[in-house]
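# Structural features, examined
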Amino acid sequence: MSVLREKQQSLREVRRHLHRYPELSHEEHATTEYVIEHLHALGLEPVRMPRTGVICDIPGEKSELPLIALRADMDALGIPELSTVPFRSTVDGVSHSCGHDVHMSAVLGAAAAVVRVREAGLLTRGVRLVFQPSEEKHPCGALELIGEGVLDGVDSILALHCDPGVDVGHVGLKSGPITSATDPVSITVRGAGGHTSRPHLSQDLVYALGSLATQLPAALGRRMDPRSGVNLTWGSIHAGSAFNAIPSRGHLEGSLRCLDHDAWDRAEDLLVEIAGEIGRTWGVDVQVSHDRGVPPVANDPDSVTVLAAAVAAVLGEDGVDPTAQSLGGEDFAWYLEKVPGALARLGTRTPGGRTYDLHMGDLMIDERAIGIGAAVLASACIQRDLV
């Protein structure tokens, strides 16, 4: 698309600005203003959400037809940036280490291309741009925007997610589930506490925590269908402050992930049951807090077909890569509980270069991916417009 070829460098500058000034979930105030400024420059009328975030419609020639939505997430992570690029984060301890700066830049680029099509009188269906806050935090921004009516008048929604394991110039697509359900789990354990010389007179709370940390994931793996891909992994464990004192309180935090939606529906009751059984073995009180996070992203086959045609139009048939379901979570799933749509994996690895990982402070993005993502999304809107 000629407009995107013209805007390659300006889109990189947009991304670099966003990268320099990352903002955490529900703190995306400057990011919101920056996005609004760019949408105004395209002659559009963006609407600021009550807290942070933006929605903006690009009207089509036939206003009675439902809209297609393009979603970009806006928030950064509380992870220090480790790269030395000139546009590295200026905010201590905060970085766009999940690529949301790329997502926003690509949707802004797609908007510019769609506006050009509209100005030529060739846009039949309108497009809604959704710049969503708080993808990384629970409760998530997707549910917030759905509650604000962001899907009213929308009959499909598309999104990209950076994939540093895929070469730039390729886009990963999959029909059906492409991510997993992801839930934060927090467990508090309480006991009498006491002296380490007399564990029989108290409850050995640290031993109980260790049993929960090892036995609970194992028991879930045996009590649930292994095909459901249930995975419980701990991120932190805390108890005590002295070598010779059994503490009276301890804490475990982790994430529960399920590839299967039905397993996700069943997991909480079983998690609480097994944790209680393990606690009773050691005579401690166990309280489980299971925050129902996000379901799996389940891509609609028709929407995947539209995206595949868009990728082929931009990159050729070889640009479409099959991809596997991952245990990562994405709140884009909540939109797909309401309307059909699809999430694509945008290749960001320089061919022959290092494979980075998401949520790491040294994440590097091949910036050619920005223009590619913009062109794919714009082309998908036009492809969908013809359906």
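One numbering rule holds for all chains: residues counted from 1, following each sequence as written. The predicted nature of this model means local features are confined to residues of pLDDT at least 70 and side-chain atom pairs, given and counted, to a pLDDT of 80 or more, with totals for whole chains, interfaces and linings taken over all residues. As a rule here, side-chain values cover all heavy atoms of the structure and leave hydrogens and water aside.

## Considering the layout of surface pockets
We place a 1 Å grid over just the protein atoms. Points where a 1.4 Å probe fits but has no way out form a cavity, open points with protein on both sides within 12 Å along at least 5 of 7 lines form a pocket, and any residue with an atom within 4 Å of a point lines it. Grid points are joined across faces, edges and corners, and a volume is the space filled by probe spheres set on the points. Each pocket or cavity is described by its volume, and for the largest pocket that value is around 920 Å³. Every residue lining the largest pocket is counted, 35 residues in all, and those nearest its centre are Glu136, Arg257, Gly328, Gly329 and His359. Residue assignment for the lining of the largest pocket shows that the elements contributing at least two residues are strand E5 (154–167), strand E8 (181–190), strand E12 (249–258) and strand E16 (341–349). Gly is placed with the polar residues, together with every amino acid not listed as nonpolar (Ala, Val, Leu, Ile, Met, Phe, Trp, Tyr, Cys and Pro) or charged (Asp, Glu, Lys and Arg). Considering only residue class, the lining of the largest pocket consists of 11 nonpolar, 13 polar and 11 charged. What counts as a helix is a DSSP run of H or I of at least four residues, what counts as a strand is a run of E of at least two, and both are numbered from the N terminus.

## Some remarks on the environment of Val47
One can find Val47 in strand E1 (residues 47–48). Between the C-alpha atoms of Val47 and Asp57, which are 10 residues apart in sequence, the distance is 8.9 Å.

## Quick notes on the environment of Leu259
Here Leu259 lies in the loop between E12 and helix H7 (261–282). Between buried and exposed lies partly exposed: a residue is buried under 20% and exposed over 50% of the maximum accessible area for its type, with that area taken using a 1.4 Å probe on protein chains only. Assessed through its relative accessible area of 24%, Leu259 is described here as partly exposed. The contact partners of Leu259, leaving out residues within four places of it in the chain, are Pro177, Ser180, Ser228, Gly229, Pro296, Gln325, Ser326 and Leu327. In this description, contact between two residues means that some pair of their heavy atoms is separated by no more than 4.5 Å.

## Observations concerning the pattern of salt bridges
By definition, a salt bridge exists where a carboxyl oxygen of Asp or Glu is found within 4 Å of a side-chain nitrogen of Lys or Arg. In total, this model carries 15 salt bridges according to the counting rule given. The shortest N-O distance in the salt bridge between Arg71 and Glu330 comes to 3.0 Å. With a gap of 259 residues between them, Arg71 in strand E3 (residues 67–73) and Glu330 in the loop between strand E15 (320–322) and helix H9 (332–336) connect regions that are remote in the sequence. Overall, the relative accessible area of 2% leaves Glu330 in the buried class. Within this structure, Arg15, Arg16, Asp101 and Glu367 form a network of salt bridges that share partners.

## A few points about the packing of helix H6 (residues 205–223) against H7
It is at 9 Å that the axes of H6 and H7 come closest, and there the two elements cross at 140 degrees. What the angle tells us is that H6 and H7 run oblique. Along this stretch, H6 crosses H7, giving a crossing that reads as right-handed. For the pair H6 and H7, the contacting residues are Tyr207, Ala208, Ser211, Leu212, Gln215, Leu216, Ala219, Leu220 and Arg223 in the first and Leu270, Leu271, Glu273, Ile274, Ala275, Glu277, Ile278 and Trp282 in the second. For the contact of H6 with H7, the per-class residue count stands at 12 nonpolar, two polar and three charged. Angles shown run from 0 to 180 degrees and are taken between the N-to-C directions of axes, each axis being a line fitted to C-alpha atoms and, for helices, limited to the stretch in contact. Orientation is classified from the angle alone, with under 35 degrees giving roughly parallel, over 145 giving roughly antiparallel, 65 to 115 giving roughly perpendicular, and any other angle giving oblique. Each crossing is labelled by how the near helix is turned from the far one, with a counterclockwise turn of less than a right angle marking it left-handed and a clockwise turn marking it right-handed.

## Description of the nonpolar core
Membership of the largest hydrophobic core comes to 57 residues, with the highest contact counts inside it found for Leu39, Ile58, Leu70, Leu129 and Phe131. Non-local contacts of Leu129, meaning those with residues more than four positions away in its chain, are made with Leu39, Leu44, Val54, Ile55, Cys56, Ile58, Leu70, Val107 and Ala111. Residues Ala159, Trp264, Leu270 and Leu343 belong to the second largest nonpolar core, which totals 50 residues. Among the buried residues, those of types Ala, Val, Leu, Ile, Met, Phe, Trp, Tyr and Cys that are joined through side-chain atoms within 4.5 Å form a nonpolar core.

## What about the packing of aromatic side chains?
Two rings belonging to Phe, Tyr or Trp (six-membered ring only in the last case) form a pair when the distance between their centres is within 6.5 Å. Interplanar angles under 30 degrees mark stacking, angles over 60 mark edge-to-face geometry, and anything in between is tilted. Tallied over the entire structure, the rule returns three aromatic pairs. Ring geometry for Phe332 and Tyr335: centres 5.8 Å apart, planes at 55 degrees, overall tilted. Here Phe332 pairs with Tyr335, and both are found in helix H9, just three residues apart, close to one helical turn. Both residues of the pair, Phe332 and Tyr335, count as buried. Sitting over the ring of Trp264, Arg292 keeps its end group 3.5 Å from the ring centre. The rule is short: NZ of Lys or CZ of Arg within 6 Å of the ring centre and within 35 degrees of the ring normal puts a charge over the ring.

## Quick look at the sheet that holds strand E13 (residues 285–290)
Strands pair, by our definition, only if DSSP identifies at least two bridges between them. Strand order in the open sheet formed by four strands is E10-E12-E8-E13, with antiparallel pairing between adjacent strands. In this open sheet, the two edge strands, each paired with only one partner strand, are strand E10 (231–239) and E13. With direction set aside, neighbouring strand axes in the sheet form an average angle of 20 degrees. Strand direction decides the pairing type here: E8 and E13, joined by six bridges, are antiparallel. Following the sheet pairing, Val189 is matched in E13 by Val286. Across the face of the sheet, H6 comes into contact with E8, E10, E12 and E13 while running at roughly 175 degrees to E10. Along the sheet face, H7 touches E8, E10, E12 and E13 and points at about 165 degrees away from the line of E13.

## Regarding unusual backbone geometry
Between His138 and the following residue, Pro139, the backbone shows a cis peptide bond with an omega angle of -5 degrees. Among the structural elements, Pro139 can be located in the loop between strand E4 (127–132) and helix H5 (141–147). Positive phi outside glycine occurs at His359, with the angle close to 65 degrees.

Without other data, these values stay purely geometric and don't point to any function.
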